[in-house]
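What the coordinates show
Each chain is listed here by its residues.
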Amino acid sequence: MTTPDYIRAIREAGAGHLLLLLPGVTAIVVDDRDRILLGRRADTGLWSVIGGIAEPGEQPAETAVREVYEETAVRCVAERVVLVEMLEPITYPNGDVCQFQDITFRCRATGGEARPHDGELLEVGWFAADALPPLEPFAVRRVRRALRDEPTWFQPPDPTAG
């Protein structure tokens, strides 16, 4: 994942490596044959779902559509929100700490030819839901939820908190 300029500016302005809460999106893109679009990441070599960080002023669905096109050259439309979740903080090798609030969208592919488009992915491919390559639990959970016709998932508040 490439760090957006505005996040670099925040860190340089004094945030340093402190925890930043960031708006992230995941796009589960499905084609007309019900295959799932995945990319093999350049940074880890692992297959994963497509996602990224919202730019200031950008609506989350716009972020999903933009990230899919930037990374895979596939055009899509966001159809529905699958889940909303606060992820655990991540510490990157350079010491930066981030926590992402992820909004996952189910998206429908509308055009383009799947290929690595911006250097973040080594490969891009369409996979049948029953023939996915090995994926991290984060990605598997999102794919499974996107393929079901269920209400948006979110973690309910703890009734004992407060």
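Since we're looking at a predicted model, the values are computed, not measured. (Residues numbered from 1 in each chain as written. Predicted model: local features only at pLDDT ≥ 70, side-chain atom pairs only at ≥ 80, totals over all residues. Heavy atoms only, no water.)

Another point: the overall build of the chain. The helix and strand inventory of the chain stands at three helices and nine strands. Tracing the chain from N to C terminus, the helices and strands come up as α-β-β-β-β-α-β-β-β-β-α-β. Relative to the globule expectation of 15 Å for 162 residues, the C-alpha radius of gyration of the chain, 16 Å, shows essentially globular dimensions. Its C-alpha atoms give the chain principal-axis dimensions of about 50 × 45 × 30 Å. In the chain, which comprises 162 residues, the proportion classed as buried is 38%. (Helix = DSSP H or I, 4+ residues; strand = E, 2+ residues; numbered from the N terminus. Rg over C-alpha atoms; globule rule 2.2 N^0.38 Å. Buried < 20%, exposed > 50% of the residue type's maximum accessible area, 1.4 Å probe, protein only.)

All chains considered together, the criterion is met by 15 salt bridges. Across the salt bridge formed by glutamate 150 and arginine 145, the nearest N and O atoms sit 3.4 Å from each other. In the salt-bridge network here, residues are joined through shared partners; they are Glu58, Arg66, Glu67 and Glu70. (Salt bridge = Lys/Arg side-chain N within 4 Å of Asp/Glu carboxyl O.)

Here we take up the packing of aromatic side chains. Taken as a whole, this structure holds one aromatic pair when the rule is applied. Measuring from ring centre to ring centre gives 5.0 Å for tryptophan 47 and phenylalanine 127, while their planes differ by 75°; the resulting arrangement is edge-to-face. Placement of the pair is tryptophan 47 in strand E3 (residues 47–48) and phenylalanine 127 in strand E8 (residues 121–128), with a sequence separation of 80 residues. In this arrangement the basic side chain of arginine 75 is found over the ring face of tyrosine 69, its NZ or CZ atom lying 3.6 Å from the centre. Positioned above the aromatic ring of tryptophan 153, the side-chain terminus of arginine 141 is 4.9 Å from the ring centre. (Phe/Tyr/Trp six-rings, centres within 6.5 Å; stacked < 30°, edge-to-face > 60°. Lys NZ or Arg CZ within 6 Å of the ring centre and 35° of its normal.)

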